[in-house]
Amino acid sequence: MADGLRKGLTSYGDAGFSLFLRKAFIKAMGYSDDALNRPIVGITNTHSDYNPCHGNVPQIIEAVKRGVMLNGAMPMVFPTISIAESFAHPTSMYLRNLMAMDTEEMIRAQPMDSVVVIGGCDKTLPAQIMAAVSADLPTVVIPVGPMVVGHHKGEVLGACTDCRRLWGKFRAGEIDETEIEAVNGRLAPSVGTCMVMGTASTMACITEALGLSLPMSATIPAPHAERFRSAEQSGRVAAEMARAKGPRPSELLTEASFRNAQVVLQAIGGSTNGLIHLTAIANRTEHRIDLDAFDRLSREVPVLIDLKPSGAHYMEHFHHAGGVPKLMAQLGALIDLDARTITGASLREVVGAAEQVPGQDVIRPCGDPIRPEGAMAVLTGNLAPRGAVIKHSAATPSLLQHTGRAVVFDSVEDMTQRIDDPALDVDASDVLVLRNAGPKGAPGMPEAGYLPIPLKLARAGVKDMVRISDARMSGTAFGTIVLHITPESAVGGPLALVRNGDLIRLDVASRSIALLVDDAELERRRAALPATKTPDRARRGYAHLFHETILQADEGCDFDFLTRAGKT
Ligand code: FES
């Protein structure tokens, strides 16, 4: 196959002319023939004024270019979509597959011998890895890195576990308007991704465990000089991969590396979103994430990282304690150390070089875990025939076995309008139910699964309740919250059959979620459901593509035609 500028010529029916024309135009940029004859390293640019998490991307790109050129190759930067959590309507998940398609097709369409993808805000790394896996070009991933922590009245603050906690206090009347405004200016004190173990941090750790990024790259704070030295080194590695034509993602992503990623996901107290993204990435390979096997793993793998929302610390503390290499060292035989990484080194070498930090208490040994079991459990039952997920490491232990009356909300809008109504018939022992918030129903499976505690209960001091939905939840959130109920209600899942006052039983120890209504009654309710029809919003454009092809949570919410098998 042709290399460098000669790759993937534009079709004019005359290859010689195509190359002649390509060179003539690119020379308009001032490049020399020497530069244009080098291996090419493509670099994605996801900088955007709408994406503060990616605020350091221009500086990272400069460092990558430096590394590429120091190693004798030619860097070429190109733009792709950027997605920021709080600027994506209706929700960032709605756009993840669009970003994956954009990134994959730009990698395929433009001549490059390897590619560096730079991302971080929740959906960006998953989208970029899904793209890289499908394009299967040698790829280096660079997470933008976490923000540094904030401070308020002597307390350390982190986005967005503390955003939610302090907003909850404001709703409950425990802090006033002046204080919540002061907090608003202190929660995100630098560029970079949320500095708790949310989805961004989770995906950065998983990426490192998969061997797709350099050691320590998940945890180096976004503004630190070390972040840019790591980017320079990533550029050097990408230049080497361009020359060697490997390793490709298909060579690095093995059954063992996916298992390692699942072990790390459990041990970090990772985001439930990480499971959906890892499933989508695997479905673009010959490997699969099996929910039963993932749950079995959860009983073997302890939570070792003491980070919010499961623990007490923040990403920069995890970094200074030794980062992901030290975590994998602590996990011992649970990690397959023969798995390879982008540099050609095995995880054995990565773990062997892990820093020893005397006295650190952020990365615990297996003998002294934060929790003896993993962060997440997979639940099934008549309410979730294809599964549901709970992050029980961040839940209230006394609610993990609970039976309560259902208080049902038919949509996110319905919930928003009624949750604080003083007349709402609800008490602390009830189970809040949200439906039509899944991949197809909302659309895009918004992070609405963290239903707020009804105002009258919050003001009475209630901090947590059992909440269940077909939605997702931010990895930064805390609570006894059952998510990803599959199939979702909008495609006729049993969640559509729940009525106010039904009893729902949650039993995390036995991994079950049950609607305590007999089968005959459920069948009667099913027969009375209105026929599903395409909503007006999904008649054209991307909304139509999304509505027609989105897969369920247990399949990673990819589009059906983007999986490795493609549309069947
Ligand atoms: Fe971008 Fe949290 S908002 S990582």
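For every chain, the first residue of the written sequence is number 1, and numbering continues from 1 along that sequence. Predicted model: local features are reported for residues with pLDDT of at least 70 only, side-chain atom pairs are reported and counted for 80 or more only, and whole-chain, interface and lining totals are derived from all residues. Side-chain measures were taken over the full set of non-hydrogen atoms in the model, leaving aside hydrogen atoms and water.

## Some thoughts on the pattern of salt bridges
- Salt bridges are identified by distance alone: a Lys or Arg side-chain nitrogen within 4 Å of an Asp or Glu carboxyl oxygen. Here the structure, examined in full by the defined rule, presents 39 salt bridges.
- Here R38 and D34 are joined by a salt bridge, their closest N and O atoms 3.1 Å apart.
- You can call D34 partly exposed: its relative accessible area is 47%.
- Here E240 and R243 are joined by a salt bridge, their closest N and O atoms 3.3 Å apart. Of this pair, E240 and R243 both sit in helix 9 (residues 225–244), separated by three residues, roughly a single helical turn.
- Assessed through its relative accessible area of 41%, E240 is described here as partly exposed.
- Residues participating in the shared-partner salt-bridge network are E85, D122, K123, E447 and R472. Three exposure classes are used, based on accessible area relative to the maximum for each residue type with a 1.4 Å probe and protein chains only: buried under 20%, partly exposed in between, and exposed over 50%. Note on conventions: DSSP H or I runs of at least 4 residues are helices, E runs of at least 2 residues are strands, and numbering of each starts at the N terminus.

## Describing a nonpolar patch on the surface
- Together, Y12, F17 and F20 line one region of the surface with nonpolar side chains, adding up to about 350 Å² of accessible area.
- Looking at where Y12 falls in the secondary structure, it is placed in the segment before helix 1 (15–26).
- For Y12, a relative accessible area of 48% puts it in the partly exposed group. The patches reported here contain residues having more than 30% relative accessible area and no salt bridge. Joining distances are 9 Å for like charges and 5 Å for nonpolar side chains (Val, Leu, Ile, Met, Phe, Trp, Tyr). Per-residue and other accessible areas follow the Shrake-Rupley method at a 1.4 Å probe size, with only the shown protein chains counted as cover for residues.

## Considering the nonpolar core
- Residues belong to one nonpolar core when they are buried, are Ala, Val, Leu, Ile, Met, Phe, Trp, Tyr or Cys, and are joined through side-chain atoms within 4.5 Å. Within the largest apolar cluster, 108 residues are counted, with the highest numbers of intra-cluster contacts made by I118, F318, L327 and L331.
- The greatest single-element share of this core, amounting to seven residues, is contributed by helix 9.
- When near neighbours in sequence (up to four residues on either side) are disregarded, L331 contacts V263, V264, A267, V301, L304 and C366. The criterion used for residue contact is that any of the two residues' heavy atoms lie within 4.5 Å.

## A look at helix 13 (residues 291–300)
- Residues L291, F294, D295, L297 and S298 constitute the buried set of helix 13. Taken down its axis, helix 13 places every buried residue within 155° of arc, on the same side. Exposed side of helix 13, more than 90 degrees from the buried face: D292 and R296 are the residues found there.
- On its buried side, helix 13 packs onto helix 11 (255–267), helix 12 (272–282), strand 7 (376–381) and strand 8 (384–391). Read the arc as the range of directions from the helix axis to the C-beta atoms.

## Looking at unusual backbone geometry
- With omega at 0°, the peptide bond leading from G246 into P247 counts as cis.
- Mapped onto the elements of the fold, P247 is located in the loop between helix 9 and helix 10 (249–252).
- P443 follows A442 through a cis peptide bond whose omega is -5°.
- Its location among the elements puts P443 in the loop between strand 10 (431–434) and helix 18 (455–458).
- We note that K153 has phi near 50°; this positive angle belongs to a residue other than glycine.
- If you trace the backbone, K153 turns up in the loop between strand 5 (150–152) and strand 6 (155–157).
- The class for K153 is exposed, based on a relative accessible area of 65%.
- With phi around 60°, H484 is a residue other than glycine that occupies positive phi space.

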